[in-house]
Amino acid sequence: MHSTTIQMPIPNPTPTLHFPLPAVPSAISRAVAVIGAGAAGLCAALELRREGHSVVVYERQDKLGGTWAYTPQTEADPLGLDPTRNVVHSSVYASLRTNLPREVMGFRVYPFVASGKPGRDPRRFPGHEEVLEYLRDFAEEFELAEMVRFGREVCHVGKAADDRRWVVKSKRKGGGDGDDQVYDAVVICNGHYSEPRIVDLPGIEEWPGKQIHSHNYRVPDPFHDQVVVLIGSAASADDISRDIAKFAKEVHVASRSAQIGKIPGHNNIWQHSMIKSVDREGRVNFHDGDKTIADVILHCTGYKFSFPFLETNNAVSVDDNRVGPLYKHVFPPTLAPWLSFVGVPWKVLPFPLFELQTKWIAGVLSGRIALESTHQMTSDIQAFYLSLEAAGIPKRYTHKIGESYSQFEYDDWLAAKSGSPPIEEWRKQMYWASGRRKRSAPETYRDEWDDQDLMALAYQELNLFKVSVS
C-alpha cells in the first residue's frame, strides 16, 4: 500500500470563495428564519445572506454543530420512543470517525482540509471532534454565529394571520418567556438523526433483555462480557459492532444483506440473517436457523423524519418516512417558495448537497431564479413517486437518493438551477473509490487508501496544499 505525505506550507489557511455569486441589483430581500444551526442551517444562513436576505437562525442548543456536537448525555428511554422524553439531538458516539475522506466531505466554498492548528485531527478520515471544529471554523470565517439565536427551541412554525407570512414561536431551552416572530419564509434544517426507528420483533413484549437504539449509544464499556445482537447493516452497525466487540462476550449482527458466519479478523463477531423472533427465555432466533441467548438488542436501524413544531394543515406530512409532497426534496408545491427543507435526502455527500440546495432556495426567494409552477412541481412529484413504485422501491426509501437516481445527477441538477459549476469529477471518483475500499477492507479503509491520484488532483484544484505521493 502506498503511503501519502501531505505537506502543509500554509498554517491555518483561509479558503477563498470558489464560486461567488454575481451581484443581482434587482434581487428582493426577504426576512427568513432558519431552523437549526447544524451544517445545513449554517450553510443556509451563508447562502441566504449572500443573496441579500435578512436571516435569523434558531438553535435549541447553546452551541452550533447539530448532530456533530457530541454529548455523552443519552435519553432516559434508551429506545427513544417516549414522546415525553428529553430529546438529545446528537447521535454521535465517542469513537466515531467519518466514513468519507475529508476532501470529499467539505463545502465547496470552504474546503475541509487539515488546518494545522494545535490539537486538531489531521487524518483524512477524522474523528467527530474535527468535523465540529471544521463547522466552527466555517461559521467563524463567514461570521455566521451573529445570526444564530442559541438556546431557542422552536415550538411552532405556521402561517401568520395574513396567510402569507410565517410565525415562528420559540422559547428558551429549559423554560422561560416565549417569543413570536414573523418572517417571509422559513427554511427547515433540523436534521433527521434524533427520532429513532426500531424494528418490530415478534415476541419482544416477553423478551427479558435490554433494548437500545444506536441514537443512545456512546461507549462500549457498559456491554462488558455481554452477548449483544445488533440489527442493521449501515455504517453505524459496522462501527458499533467492532467497538462493542472489544468488551462484549459475543456480538451478533443481523441484517437483510449480511453474509452468514464469523466476520474475518474477529473471534467474537458473527453475521446473521434478520431476526425471526425472540422469546421469554432470552433467545434471539435468526432466519438462518441460528439462535443465541442475548443480553442486549441494539437497533442500528436508522431514524424517522420529524417536524413536531411544523403546522401546515397537512400540506406537508410524513408518511412511512416520506416527507411530502416535496419538489426535488426541497419545496412543498402549495407553500413554495416560502417553506423549504434542506438535508432531507440521505445516503449522500451531505455538505455539498446542503450547499447546492440552499443556493437554489436563496436564489428563488430573491427572484433571481424562477421556480416552476405549482402544477409543474406537483406533476413532477407524482411522476417521481410512480417511478419509485414501478421500480419496487418502498415509500420509506423516497429520500434515499441512491435508490432512485444518482445523487450526483441530483447535485448537478441543483447546480444548473443555481448557476453553479457541477460537482467536481475528482469528488465523484473519490466518493466511489472510498466506497469500494470500505467494502473490500472494512477494518483498514480509513487509514490505508489507494486514491493518491485523486488526492493530488483534489489538492491541486483546491490550491491550498501540496501533496506528495511516495
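Note that the coordinates shown come from a computational prediction; the quantities given were computed from them, not determined experimentally.

Caption draft 1: Representation of the nonpolar core. The biggest cluster of nonpolar side chains holds 96 residues, and the ones touching the most others in it are L298 and F351. Sorting elements by how many residues they give to this core places helix 5 (residues 350-366) first, with 9 residues. Those residues in contact with L298 that lie beyond four places of it in its chain are I212, H213, S214, Y217, F223, V228, V229, L230, I231, I240 and I244. Counting residues in hydrophobic clusters, the runner-up holds 23 residues, among them V186, V316, V323 and F341.

Caption draft 2: Looking closely at the pairing of strand 8 (residues 185-188). Of the two faces of strand 8, the one holding A185 and V187 and the one holding V186 and I188 are both buried throughout. As judged from the 4 bridges shared by strand 2 (residues 31-35) and strand 8, these two strands associate in the parallel manner. Bridge pairing in strand 8 places A33 opposite V186. Here 3 bridges tie strand 8 to strand 20 (residues 339-341), and the two strands are oriented parallel to one another. Looking at strand 20, one finds that V187 is bridged to S340.

Caption draft 3: Highlighting the sheet that holds strand 11 (residues 250-254). Sheet architecture is open: 6 strands sit in the order 9-17-10-11-13-12, paired in mixed fashion. The sheet is open, and its two borders are formed by strand 9 (210-213) and strand 12 (261-262), each paired with just one other strand.

Caption draft 4: How the structure looks around the packing of aromatic side chains. This model, assessed by the stated rule, comprises 24 aromatic pairs. On the numbers, 6.2 Å between centres and 85 degrees between planes, the contact of Y58 with Y183 is edge-to-face. With Y58 in strand 3 (residues 54-59) and Y183 in strand 7 (residues 178-183), this residue pair connects regions lying 125 residues apart in the sequence. As far as burial versus exposure is concerned, Y58 and Y183 are alike and both buried. Here the aromatic cluster, defined as three or more aromatic residues joined through ring pairs, consists of F107, Y110, F112, Y134, F138, F142, F351 and F354.

Caption draft 5: A look at the packing of helix 5 against helix 8 (residues 407-418). Two elements in contact, helix 5 and helix 8, have axes separated by 9 Å at closest approach and are oriented at 35 degrees. Considering the relative orientation of helix 5 and helix 8, their crossing is left-handed. Across the interface between the two elements, L353, L356, Q357, K359 and W360 from helix 5 touch Y410, D411, W413, L414, A415, K417 and S418 from helix 8. Among the residues making up the contact of helix 5 with helix 8, the classes are represented as 7 nonpolar, 2 polar and 3 charged.

Caption draft 6: Expanded view of the sheet that holds strand 14 (residues 275-278). Strand order in the open sheet formed by 3 strands is 14-15-16, and the pairing between neighbours is antiparallel. Strands at the two margins of the open sheet, each flanked by one partner only, are strand 14 and strand 16 (291-293). Averaged over all neighbouring strand pairs, the angle between strand axes comes to 20 degrees, with direction disregarded. By the bridge criterion, 3 bridges tie strand 15 (residues 283-286) to strand 16 in an arrangement that is antiparallel.

Caption draft 7: Quick look at the side chain of D451. As for its position among the elements, D451 is in the loop between helix 9 (425-440) and helix 10 (452-462). Beyond its immediate stretch of four places on either side in the chain, D451 contacts R124, M430 and A433.

Caption draft 8: Inspection of the environment of S273 at higher detail. Along the polypeptide, S273 turns up in the loop between strand 13 (269-272) and strand 14. In this structure the side chain of S273 is engaged in a polar contact, spanning 3.3 Å, whose partner is the backbone nitrogen of H287.

Caption draft 9: Broad picture of unusual backbone geometry. Cis peptide bonds are those with omega within 30 degrees of zero, and the linkage from G324 to P325 qualifies with 0 degrees. Looking at where P325 falls in the secondary structure, it is placed in the loop between strand 19 (322-324) and strand 20. Along the chain, A336 connects to P337 via a cis peptide bond; the corresponding omega equals 0 degrees. Backbone geometry places K328, a non-glycine residue, at a positive phi of 55 degrees. Here K328 shows up in the loop between strand 19 and strand 20. One non-glycine residue, K347, lies in the positive phi region at around 60 degrees.

Caption draft 10: Looking closely at the pairing of strand 17 (residues 296-299). The side-chain alternation of strand 17 yields two buried faces, one formed by V296 and L298 and the other by I297 and H299. Across 4 bridges, strand 9 lies against strand 17 in parallel orientation. If you follow H213 over to strand 17, its bridge partner there is H299.

Caption draft 11: Examining helix 5 more closely. Its 17 residues place the ends of helix 5 24 Å apart at the C-alpha level, agreeing with the 24 Å of an ideal helix rising 1.5 Å per residue. Of all the 17 residues making up helix 5, 16 are buried; the element is thus mostly covered by neighbouring parts of the structure.

Analysis parameters
- Here the residue index of a chain counts from 1 through its sequence in written order.
- Owing to the predicted nature of the model, reporting of local features is limited to residues with pLDDT of at least 70; listing and counting of side-chain atom pairs is limited to 80 or more, with chain, interface and lining totals taken over all residues.
- Side-chain metrics in this entry use all non-hydrogen atoms of the structure; hydrogen atoms and water are not considered.
- Each nonpolar core is a collection of buried residues, namely Ala, Val, Leu, Ile, Met, Phe, Trp, Tyr and Cys, held together in the definition by side-chain atoms within 4.5 Å.
- Each residue is placed in one exposure class: buried if its accessible area under a 1.4 Å probe, protein chains only, is under 20% of its type's maximum, exposed if it is over 50%, and partly exposed if it falls in between.
- Numbering of helices and strands runs from the N terminus; a helix is a DSSP stretch of H or I covering at least four residues, while a strand is a stretch of E covering at least two.
- We call two residues contacting when some pair of their heavy atoms lies within 4.5 Å.
- Here a strand pair is declared whenever DSSP counts at least two bridges between the two strands.
- To pair, rings of Phe, Tyr and Trp, with the six-membered ring standing in for Trp, must have centres within 6.5 Å; the planes then decide the type, stacked if under 30 degrees apart, edge-to-face if over 60, and tilted in the middle.
- Helix axes are fitted to C-alpha atoms over the stretch in contact, other axes to C-alpha atoms as well, and angles between N-to-C directions run from 0 to 180 degrees.
- When the near helix sits turned anticlockwise from the far one by under a right angle, the crossing is termed left-handed; a clockwise turn instead gives a right-handed crossing.
- Each residue is assigned to one class: nonpolar for Ala, Val, Leu, Ile, Met, Phe, Trp, Tyr, Cys and Pro, charged for Asp, Glu, Lys and Arg, and polar for all the others, Gly among them.
- Here a polar contact is taken to be a pair of N or O atoms separated by no more than 3.5 Å, where protein atoms must pair a possible hydrogen donor with a possible acceptor and residues adjacent in sequence count only if both atoms sit in side chains.
- Between the first and last residue of a helix there are one fewer steps than residues, each counted as 1.5 Å, and that sum is the expected span.

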